[in-house]
Structures are given as structure tokens and as C-alpha cells.
Amino acid sequence: MTSPIAVLSAMEQEGHLIEARLDELREETSFGRRYVSGLLAGNPIVTAVSGFGKAAAAATVAAVLERYSPSHVVFAGVAGGVGSGVEIGDIVIADRLVQHDFDASPIFQRFVIPSLGVAQIRADEQLTAALTAAAHDYLQGRYRKDMERVELAVFDSVRTRIHTGAVASGDRFVSHEAEARSLVSELPSVLAVEMEGAAVAQVCAEASVPFAVFRSISDRADESADVDFLAFIAEVAAPVTAGIVEQLLRGLR
Ligand code: ADE
């Protein structure tokens with residue numbers, strides 16, 4: 001049996017539409033986490049929901065690596081846009097990830113992960129390129145249909161853009177403009193902030209497993225970050241996640 005691609009998300013609502021598209025679905029539960037495997041577009045895949053934050057994400061991806069030996073890991077879901085021009089509804093693909101709340105100074109420079117010796121962990125280039133192509137194909141294909149009935153006042157699906165750049169992760173939901181601004185002043189290249197990607201990046205880099213992260217921008221990490229959050233996930237992020245993942249698997253093997 002070929003190794004599956006692992007696709008993880010923090011919340012059930014972000015990834016659940018993938019499950020609905022699987023053939024030969026199998027389900028396992030261990031230590032409170034549910035792993036669903038099957039075939040998507042004829043290719044083996046395993047999905048899991050990590051829960052919020054770096055510890056939950058690291059534990060989940062480590063368990064997935066042990067149990068399923070995936071060839072690649074993809075983490076998907078929503079994020080707050082902090083880069084200029086990164087708007088609600090846009091897609092951010094991480095080319096590198098940083099843990100913005102990690103600080104082992106003065107032993108190591110701020111943000112540097114000691115086991116890796118770097119602050120910014122690079123996503124796998126090939127997988128990220130494949131993901132970028134899949135995102136473009138999805139936006140030009142099924143996306144319009146998926147968004148037909150979406151009526152979110154803050155979101156204009158016609159202008160959806162794909163950005164590639166740094167993503168920052170930390171154990172905090174950023175919902176104050178001042179905090180978002182201070183994060184960007186410390187890490188100027190960051191386009192989006194979320195709570196799991198860089199932890200998955202650390203575990204995968206330590207295990208030499210290629211990984212990639214993409215996010216739908218649900219908010220601008222400011223005082224209105226919680227407005228329509230769940231509606232955005234249900235109506236936009238979930239179909240976008242499933243659409244891009246399906247397109248990725250169609251193109252991979
Ligand atoms: N995920 C989605 N929006 C976020 C935000 N503003 N901060 C952290 N994680 C998020």
C-alpha cells in the first residue's frame with residue numbers, strides 16, 4: 001500500500017468536507033483523536049483534527065507520522081491576515097513558518113528553534129508548488145460554484161487572491177490591532193497568523209517528512225476577528241480546503 005498524504009486541521013469544521021469525499025473510508029480513534037483514512041481522487045489520504053494550538057498540533061502530527069507513515073503532511077484551515085493586502089477570503093500558502101511566541105533567549109536567539117537551529121522553518125518546495133498550482137486550479141474551477149450562495153458582508157469572492165510567504169504560529173488568537181502590528185514589526189515578512197502551522201513544521205522538519213501549510217484568511221487579526229468566524233469557516237474555509245486538497249491529490253500521482 002502506498003503511503004498516504006496526511007491532511008490535518010485544527011477544527012472539525014475546517015476539514016470535514018474532505019471526509020465526505022473519501023472512498024473506502026476507515027476510522028480509528030486513539031487518545032481522543034479521530035483518524036479518518038481513505039481514497040481521495042484515487043490517492044490514499046489520512047485526515048485528523050488536532051485541536052487548537054501548538055501542543056495539540058505537534059501531538060497530532062507526531063501520532064500521524066507514527067501510525068500512518070505519510071509521504072507528505074498538509075495542514076489547512078483559517079488564519080488572520082496581518083500582511084498588507086492580505087484580505088478576508090484570500091488564501092495564504094506558507095513558504096516558511098515561525099513560532100512567534102517561542103523565545104529561548106539568551107541561550108538561543110529569539111524565535112530560533114534549538115533542535116533545528118533556525119527561526120523560520122521552510123516548507124517543502126515541491127509540495128508547496130503543487131499546492132499553489134492546486135489552489136490556482138481550484139479558484140479557476142469549482143470555487144465559483146462553491147461560493148455561489150455565500151453571503152458574507154465582509155467577503156468578496158470575486159477578488160480572492162493567493163499569497164505566498166511567511167506564516168506565524170503561536171498559542172494566542174490575535175484579536176487586537178495593536179498586537180497584530182507589534183507582531184509584524186518584530187517579524188516583518190509575516191503574512192498571516194494562526195496557532196498550529198509552525199509546530200507541525202517543527203515536527204515534520206525533525207522527522208524529515210515534507211510538509212506544507214495553507215490557510216484561508218478569516219479575519220484581519222483585529223478587534224472584529226471573531227465576527228462571523230464560524231460562518232466563514234462553514235461557508236468559505238471548509239469548501240476551499242476540500243477543493244484545494246482534492247485538486248492537489250488529483251495532480252500528485
Ligand atoms: N486563526 C484564524 N484567525 C486567527 C487569529 N486572528 N489569530 C490566531 N489564529 C487565527
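Residues numbered from 1 in each chain as written. Predicted model: local features only at pLDDT ≥ 70, side-chain atom pairs only at ≥ 80, totals over all residues. Heavy atoms only, no water.

Trainee: What's the story with the packing of aromatic side chains in this structure? I'm lost.
Mentor: Where two aromatic rings form a pair, the distance of their centres and the angle of their planes describe that pair. Taken as a whole and judged by the stated rule, the model has 3 aromatic pairs. Judged by centre distance (5.6 Å) and plane angle (70°), the ring pair of tyrosine 138 and tyrosine 143 falls under edge-to-face. Overall, tyrosine 138 belongs to the buried group, its relative accessible area being 1%. Their ring planes at 90° and their centres at 5.5 Å tell us that phenylalanine 173 and phenylalanine 229 sit as a pair that is edge-to-face. Of this pair, phenylalanine 173 sits in the loop between strand 8 (162–169) and helix 5 (177–186) while phenylalanine 229 is found in helix 7 (residues 229–252), placing the two residues 56 residues apart along the sequence. Note on phenylalanine 173: relative accessible area 34%, which makes it partly exposed. (Phe/Tyr/Trp six-rings, centres within 6.5 Å; stacked < 30°, edge-to-face > 60°. Buried < 20%, exposed > 50% of the residue type's maximum accessible area, 1.4 Å probe, protein only. Helix = DSSP H or I, 4+ residues; strand = E, 2+ residues; numbered from the N terminus.)

Trainee: Help me understand the site of the ligand, please; the structure alone is not making it clear to me.
Mentor: Close to the ligand lie 13 residues; Gly80, Phe173, Val174, Glu194 and Asp219 are nearest. Here a nitrogen atom of the ligand and a side-chain polar atom of aspartate 219 are 2.6 Å apart. A total of 260 Å² of accessible area belongs to the ligand in isolation, and the protein chains cover 97% of it. Counting residues per element, the ones that place at least two in the shell around the ligand are strand 5 (72–81), strand 9 (190–194) and strand 10 (211–219). Partitioned by chemical class, the residues of the shell around the ligand number 8 nonpolar, 2 polar and 3 charged. (Near = heavy atom within 4 Å. Polar contact = N/O pair within 3.5 Å; in protein donor to acceptor, adjacent residues only side chain to side chain. Areas by Shrake-Rupley, 256 points an atom, 1.4 Å probe, with all protein chains shown as cover. Nonpolar A, V, L, I, M, F, W, Y, C, P; charged D, E, K, R; others polar.)

Just distances and angles here, no functional claims.
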